[in-house]
Number of protein chains: 4
Amino acid sequence: MLAPPEYMPALITPFTRSGEIDTRAHTHNLRVLGDVGMTGFVIGGSNGEGPYLEPGERGRLVKTGRRRKAHFMVGIAAESTRVAVRQVQEVADAEADSILVMTPTTIARGRDEAILRFYRTIADMSPLPVFIYSVPGVTSYNLPIELVWRISRHDKVVGMKDSSGDVVRLQSIIDATPPGFIVYSGSSQALTAAMAVGCDGAITGSGNYLPALVLQILAATKESPETARRLQKRLSSVSADVEAHGIPGVKAAAKAAGLDPGYPREPLTRLSRGAETSIAKLI
Amino acid sequence: MLAPPEYMPALITPFTRSGEIDTRAHTHNLRVLGDVGMTGFVIGGSNGEGPYLEPGERGRLVKTGRRRKAHFMVGIAAESTRVAVRQVQEVADAEADSILVMTPTTIARGRDEAILRFYRTIADMSPLPVFIYSVPGVTSYNLPIELVWRISRHDKVVGMKDSSGDVVRLQSIIDATPPGFIVYSGSSQALTAAMAVGCDGAITGSGNYLPALVLQILAATKESPETARRLQKRLSSVSADVEAHGIPGVKAAAKAAGLDPGYPREPLTRLSRGAETSIAKLI
Amino acid sequence: MLAPPEYMPALITPFTRSGEIDTRAHTHNLRVLGDVGMTGFVIGGSNGEGPYLEPGERGRLVKTGRRRKAHFMVGIAAESTRVAVRQVQEVADAEADSILVMTPTTIARGRDEAILRFYRTIADMSPLPVFIYSVPGVTSYNLPIELVWRISRHDKVVGMKDSSGDVVRLQSIIDATPPGFIVYSGSSQALTAAMAVGCDGAITGSGNYLPALVLQILAATKESPETARRLQKRLSSVSADVEAHGIPGVKAAAKAAGLDPGYPREPLTRLSRGAETSIAKLI
Amino acid sequence: MLAPPEYMPALITPFTRSGEIDTRAHTHNLRVLGDVGMTGFVIGGSNGEGPYLEPGERGRLVKTGRRRKAHFMVGIAAESTRVAVRQVQEVADAEADSILVMTPTTIARGRDEAILRFYRTIADMSPLPVFIYSVPGVTSYNLPIELVWRISRHDKVVGMKDSSGDVVRLQSIIDATPPGFIVYSGSSQALTAAMAVGCDGAITGSGNYLPALVLQILAATKESPETARRLQKRLSSVSADVEAHGIPGVKAAAKAAGLDPGYPREPLTRLSRGAETSIAKLI
């Protein structure tokens, strides 16, 4: 695989008005972000409405982008192991580069042994490198660090994305996992702090609407902490306002940044015209 | 439809070792519980591993039981509206009597307008009466009462199951909804208290393993509060121990009560032999 | 002692504008509530601004009322054991009938052994019967039931007030404590439900502003559950609105009911004129 | 005043077996930590058992140390405004350098206007510079950032200590307050991350037991992030283990580091011999 870059946007998925994937818009979005300098993308993550994607759709999103030389990490979002396994097979067939596996949520939430078994089964069968995905804003669950440690010992598990925004937790994850284990932070507001405690990179929704700023901040964290902090202030402020509206907010902001966000899938809908305009002013 | 009875078990779904629905065991379970006096069943609720059921499976579970004269309420568990709509069509085709629609969880959680739209779209298209289902233990979300009120105004929405176990909340739901709106409590431990504040009935996992006791308690709430409280003490104690193990615990207890629970679907698994034996002793 | 009655108001403490106890107003309030039928009072509980009372003030509040034939239960609110012990001595000297001991909050919160030691030391030295007081709205802490059980085994500990409003928890406390252990619920909204699960009585702030209604509900719980539920609906609705304003809300409502609430102690202040008027309309 | 240094230990308060302040031990502790390089101390903070200190004791702790050339910041821990005001007068009379005012907890918690009034009254009367103190582990309350901003506009309010350990929150506080407003982080585990997002310094309990390490980390954050991270790993690990035992844990660790911790005040007690030994091994 192409090694995953330090930063990837958690790419939005554009749907047509009738709720089908809009591949033309998807291609456009990959190109726009590629032109800004993005060399990797998370497809079908939570900002990509992963929990709404249906059989065949993950593969289609990957294949559409595949000509582009970039790392494609694809979100796996399933409750039962067998549905997760089918999703993995589908994205492997589509030649994705890696998978980002969300913790199962509903009836397995908090059942440590079940969650461990879920990840191990997937890691055993996956032809692609596996990233763990803990995203409490979506799942209401923080994967316990002890469990991260147990899962990380599997050969196929190469890293994690943690979207808690809890910097002390990120640091603990880094301390608890083997050298070389790749830790991405999933929080725009914790971008500089996450890098300061040793994260390898970040994957955020803000890469859809402030891609250049995000890349600047990451560069600045290495050279000028003072600059990083100043740019971070803007990113924190804008992303807080945008993400208060959830995915429809991210899509509205992405539109203002030149992407074609299409429609969200129901029950989500586009923001009102007024809210879209307010968000556009922030970008 | 056959009116839904005051009490229904949230029926477990038996799977074979390889993870397929075991219709023979399902038929057996319906018969065993019918013999104790159950005249209605919730199929594919959270105790029925609803979030793990796949296209076609809800219909199959209903059709398998359909010869039995009973009310079949079927769980709808979906994140996107369109997946929910397909599930409703499937169970309507299978001639279920009503549907129990879980609040969407992941990316719509807490988005009031999205959740309202989700319920309204389903209510508009459903040929079957709709029950709202708020189950924070599974979804990490308590449907706000103001939203219950707004959804309850739709003609097709006839009631609700609330599994918060919060008796003051149940009372507020009853106070907030129109006369005739049917409120079921989903908590074994709050059974007597829920009836005392005016719930119409209950739907619980304990109906799988202590069916006679549950029916006795409900009868006693009308005649002898003192007896109800005494029986409730046993129900509370046993159900707390059983449900600490999640669905595998309910299945182990159901087995001790004469049902054939089959296997849970992965990533859930059967309890260890030792834990199964401890639970069997409680029944 | 005069046995504590089934219901007692958690009496407000009137302060003068300059922040001193207003004994004249206090005497008035005891008389007004006595005339409605109250035969016991909690003095210096959380609604009585117990955490603001200073050395000597608890004793003064009790002595002021002592001529009245009523049960006086006095709130003990301290962080260190030795301050609690001084408060107990003071109220025993003033001839109170019992004490209601709030769980210590700040640096002992969640330290089970410390809390157990706190209660045992007090129970050992107290000449008055001890009631445990768990009030999470004030302390952000629910005394664990296992700890209630351990404390309840002390001879001097005769009961508990639990203000969680969690009816299942109340039931568990009753189930876990010895026969004869007196359990009061501290939630207006859970009044009927608490009695339904077997509480011995209630102590609430609403006794300051809807004293007759509260007594009617308690009478109705024994004779006509239907009436109790109907009256409860009004109590729940009014108390939710009043208590949204905290103690200043309770004082405003008490004023509308004929009590003289004086001023709260700083940093609390009287409600604005407009808010006072809105609350008066509810009573 | 002597300007407050970048780092201060939240000094423990040694009590004798009978619960009185042990000034001899206190003098010893100031000397030991001064020898390591500490030039400022927080007296009577939460690690100093501030909520247990009685009238006269804060003044005595300050006067005992006053000969030493150091910044003395003293914790104010009160529920009512007038008790807080008396504490401020006492420590001003004792010639402290600044005060650290804990948010009121019990009946004012969450009442924004009351909390704002509390801080304004204190700031108006205090002859000493005021630091706000938000410490959710003790108070179960995070002072809302909007309220921090409003309080920070008072001339006398010069800074804040925030012990949430939430680095994104720290960053938001810095962004929301005026230039020159001093922000201390109160979390050992977030030490490097807090400095990375722009905090001015830190005040932690770990300064009692790993004073040299803490000072090394702070120095390293400016010169070698890599070294800072490596040292932070040890600090995080040890402080997590120590603080799991609360203040008795901090006192046991301080003893291992050469301080004389005396006894905690009841209901806290010394750790068992076994637990003390385990903690000593960590230091």
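Cut-offs used in this document
Residues numbered from 1 in each chain as written. Chains lettered and ligands numbered in written order. Predicted model: local features only at pLDDT ≥ 70, side-chain atom pairs only at ≥ 80, totals over all residues. Heavy atoms only, no water. Helix = DSSP H or I, 4+ residues; strand = E, 2+ residues; numbered from the N terminus. Rg over C-alpha atoms; globule rule 2.2 N^0.38 Å. Contact = heavy atoms within 4.5 Å. Areas by Shrake-Rupley, 256 points an atom, 1.4 Å probe, with all protein chains shown as cover. Lys, Arg positive; Asp, Glu negative; His and termini not counted. Charge placed at Lys NZ, Arg CZ, Asp CG, Glu CD. Least-squares fit on C-alpha atoms with pLDDT ≥ 70 in both. Buried < 20%, exposed > 50% of the residue type's maximum accessible area, 1.4 Å probe, protein only. Pairing = 2+ DSSP bridges. Right-handed = clockwise from strand over helix to strand, strands pointing away. Expected span 1.5 Å × (residues − 1). Buried area = accessible area lost by both parts, 1.4 Å probe. Salt bridge = Lys/Arg side-chain N within 4 Å of Asp/Glu carboxyl O. Nonpolar A, V, L, I, M, F, W, Y, C, P; charged D, E, K, R; others polar. Axes fitted to C-alpha atoms, helices over the stretch in contact; angles between N-to-C directions. Parallel < 35°, antiparallel > 145°, perpendicular 65-115°, else oblique. Left-handed = near helix turned anticlockwise from the far one by under 90°.

1. Describing the overall build of chain A
Counting its secondary structure elements, chain A contains twelve helices and eight strands. Over its C-alpha trace chain A gives a radius of gyration of 18 Å, about what one expects of a compact globule, namely 19 Å for 283 residues. With the C-alpha coordinates of chain A rotated into their principal frame, the extents come out at 45 × 45 × 35 Å. Across chain A, every contact between residues at least 6 apart in sequence was considered, and the portion connecting residues at least 24 apart equals 72%. With an accessible surface of roughly 9,800 Å², chain A has 50% of that area assigned to carbon and sulfur atoms. Here chain A carries 32 positive and 28 negative side-chain charges, and the mean point of each set is 4 Å from the other.

2. Focus: the relation of the copies chain C and chain B
Between the two copies, chain C and chain B, the superposition gives an RMSD of 0.0 Å; the rotation angle is 180° and the shift along the axis is 0.0 Å. The superposition operator between the copies reduces to a two-fold rotation axis. When the interface residues of chain C are mapped onto chain B, 100% of them again fall at the interface, so both copies present the same face.

3. Remarks on the pairing of strand S5 (residues 130-134) of chain B
All names here are of chain B. When you tally the buried positions in S5, you get five out of five residues, the bulk of the element. Alternating residues of S5 divide into Val-130, Ile-132 and Ser-134 and Phe-131 and Tyr-133, and every residue in both groups is buried. Bridging between strand S4 (residues 98-102) and S5 involves four bridges; their strand directions are parallel. Paired with Leu-100 across the bridge in S5 is Phe-131. In terms of handedness, the path from S4 via helix H4 (residues 112-125) over to S5 forms a crossover that is right-handed. Alignment of S5 against strand S6 (residues 157-162), held across five bridges, turns out to be parallel.

4. Thoughts on helix H3 (residues 81-93) of chain D
Structural remark: α-helix, 3.6 residues per turn; residues separated by three or four positions point the same way. Taking 1.5 Å of rise per residue, 13 residues should cover 18 Å, and H3(D) covers 18 Å from first to last C-alpha, within 8% of that figure. Of all the residues in H3(D), the buried ones are Thr81(D), Arg82(D), Ala84(D), Val85(D), Gln87(D), Val88(D), Glu90(D), Val91(D) and Ala92(D). On its buried face, H3(D) sits against helix H2 (57-65) of chain C together with helix H2 (57-65), strand S3 (71-76), strand S4 (98-102) and helix H4 (112-125) of chain D. Positioned one or two residues after H3(D), Glu95(D) has a phi angle of 65°, which is positive.

5. Side note on the relation of the copies chain B and chain A
A rotation about some axis, followed by a shift along it, carries one copy of the chain onto the other. Mapping chain B onto chain A leaves a residual RMSD of 0.0 Å; the transformation is a rotation of 180° accompanied by 0.0 Å of translation along its axis. The fraction of interface residues of chain B whose copies in chain A are also interface residues reaches 100%, indicating that both copies meet through the same surface.

6. Points about the interface of chain B and chain A
On the side of chain A, 38 residues touch chain B, which itself brings 38 residues to the contact. Summed over both partners, the interface of chain B with chain A comes to about 2,900 Å²; 52% of that surface belongs to carbon and sulfur atoms. Interface area lost by chain B to chain A is led by Arg82(B), Ile107(B) and Pro267(B), which between them contribute 24%. A salt bridge links Arg82(B) to Glu20(A); its shortest N-O distance comes to 2.8 Å. For the side of chain B that touches chain A, the elements supplying multiple residues, two or more each, are helix H3 (81-93), H4, helix H5 (136-139) and helix H11 (246-256) of chain B. Top contributing element to the side of chain B that touches chain A by residue count: H3(B), with four residues. When grouped by side-chain class, the residues that make up the side of chain B that touches chain A number twelve nonpolar, 13 polar and 13 charged.

7. Details of unusual backbone geometry
Pro267(C) follows Glu266(C) through a cis peptide bond whose omega is 15°. Along the chain, Pro267(C) turns up in the loop between helix H11 (246-256) and helix H12 (273-282). The phi torsion at Ser140(A) lies on the positive side, around 55°, for a residue other than glycine. Summarising the element assignment, Ser140(A) is placed in the loop between helix H5 (136-139) and helix H6 (145-152).

8. Quick word on the packing of helix H1 (residues 23-36) of chain B against helix H2 (residues 57-65) of chain B
All names here are of chain B. Two elements in contact, H1 and H2, have axes separated by 9 Å at closest approach and are oriented at 50°. In this view, H1 runs oblique relative to H2, as classed from their interaxial angle. You can see that H1 and H2 cross each other, and the crossing is right-handed. Contacts between H1 and H2 involve Thr-23, His-26, Thr-27 and Leu-30 from the first element and Arg-60, Leu-61, Thr-64 and Gly-65 from the second. Here the contact of H1 with H2 is built from residues that sort into two nonpolar, five polar and one charged.

9. A word on the environment of Val130(C)
All names here are of chain C. Positionally, Val-130 belongs in strand S5 (residues 130-134). Overall, the relative accessible area of 1% leaves Val-130 in the buried class. Note: C-alpha distance between Val-130 and Asp-97 (33 residues apart in sequence) is 9.6 Å. Leaving out residues up to four positions away in the same chain, Val-130 has contacts with Ile-99, Val-101, Ala-123, Lys-156, Val-157, Val-158 and Gly-159.

10. Concerning helix H10 (residues 225-243) of chain C
Helix length check: H10(C) (19 residues) gives 25 Å between terminal C-alpha atoms against 27 Å at 1.5 Å per residue, within 8%. Within H10(C), the full set of buried residues consists of Ala228(C), Leu231(C), Gln232(C), Leu235(C), Ser236(C), Val238(C), Ser239(C) and Val242(C). Buried residues in H10(C) make contact with helix H7 (167-176) of chain B together with helix H8 (191-196), helix H9 (211-223), H11 and H12 of chain C.

11. Some points on the pattern of salt bridges
As enumerated under the stated definition, the model contains 60 salt bridges over all chains in all. One salt bridge in this structure joins Glu276(B) and Lys255(B), with 3.3 Å as the shortest N-O distance. Of this pair, Glu276(B) sits in helix H12 (residues 273-282) while Lys255(B) sits in helix H11, and the two are 21 residues apart along the sequence. Take Glu276(B): its relative accessible area is 14%, and that puts it in the buried class. Relative accessible area serves as the criterion here: at 39%, Lys255(B) is assigned to the partly exposed category. Here the salt bridges share partners, and the residues they tie into one network are Glu20(A), Glu54(A), Glu57(A), Arg265(A), Arg82(B) and Arg86(B).

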